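Remarks on the overall topology
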Amino acid sequence: MATQPIYDLATETLVAPKPVRRHLAIVPDAGNYDELERTAPGIASRGVHPATLGLLVGVYAAMLLTFWTFFARDAATALVLTVVSVFMILYFGLIAGGIVLSDTPAPGEPLRSFSEFIKGPVDILTGTITGREAAVQMLFLPACMAVLATIIGIIARVS
């Protein structure tokens, strides 16, 4: 990864070099996406751990699997579930792309372990909460929805 110096016009000094990534342009003249990436110092030690986001995607995948298991009985329902599956893949693809492009840790900043995340602080808009509270806030509603989808699916199969 090459670097380019940043010149601060206000102080007329050279600032820390900015990493420059070379992108494969699928569309010619599409532009450079480096300005979308935002280095966020401290995000590795005070942000949400990537494993929590993986758990969130896993809970939604389990809910989708429940839908396919209990409700895909005929072609019309399978078509609807296919559309729902495509939308969920697009939705989580956009979330993953947004996470990759924004709030990236500073180069060389070590990422804390999942147990350190659970016990440690997480910065949110209104202050600071623990990692456990952040994980519960992110995972509780989707987990309840997955459990309810399973219960509804069992009731639909039995009746």
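Structure: see above.
To start, this report covers the structure provided alongside it. (Residues numbered from 1 in each chain as written. Predicted model: local features only at pLDDT ≥ 70, side-chain atom pairs only at ≥ 80, totals over all residues. Heavy atoms only, no water.)

The next thing to look at is a nonpolar patch on the surface. A surface patch of nonpolar side chains, about 490 Å² in accessible area, is lined by Leu79, Val83, Val86, Phe87 and Leu90. With respect to the helices, strands and loops of the structure, valine 86 is situated in helix α3 (residues 75-101). For valine 86, a relative accessible area of 43% gives the class partly exposed. (Patch = residues over 30% accessible without salt bridge, like charges linked within 9 Å, V, L, I, M, F, W, Y side chains within 5 Å. Areas by Shrake-Rupley, 256 points an atom, 1.4 Å probe, with all protein chains shown as cover. Salt bridge = Lys/Arg side-chain N within 4 Å of Asp/Glu carboxyl O. Helix = DSSP H or I, 4+ residues; strand = E, 2+ residues; numbered from the N terminus. Buried < 20%, exposed > 50% of the residue type's maximum accessible area, 1.4 Å probe, protein only.)

For the rest of this paragraph, the subject is the pattern of salt bridges. Within the structure shown, the criterion is met by 1 salt bridge. Of the charged contacts, one joins aspartate 123 and arginine 46 as a salt bridge, the two residues approaching to 2.8 Å between their closest N and O atoms. Taken together, the residues span a long stretch of sequence, with aspartate 123 in strand β3 (residues 121-124) and arginine 46 in helix α1 (residues 43-46) at a distance of 77 residues. The class for aspartate 123 is partly exposed, based on a relative accessible area of 42%. On the accessibility criterion, arginine 46 (31% relative accessible area) is partly exposed.

Turning next to the side chain of histidine 49. When you line up the elements, histidine 49 lands in the loop between α1 and α2 (50-71). Only 3.1 Å separates the side chain of histidine 49 from the backbone oxygen of arginine 112, close enough to count as a polar contact. (Polar contact = N/O pair within 3.5 Å; in protein donor to acceptor, adjacent residues only side chain to side chain.)

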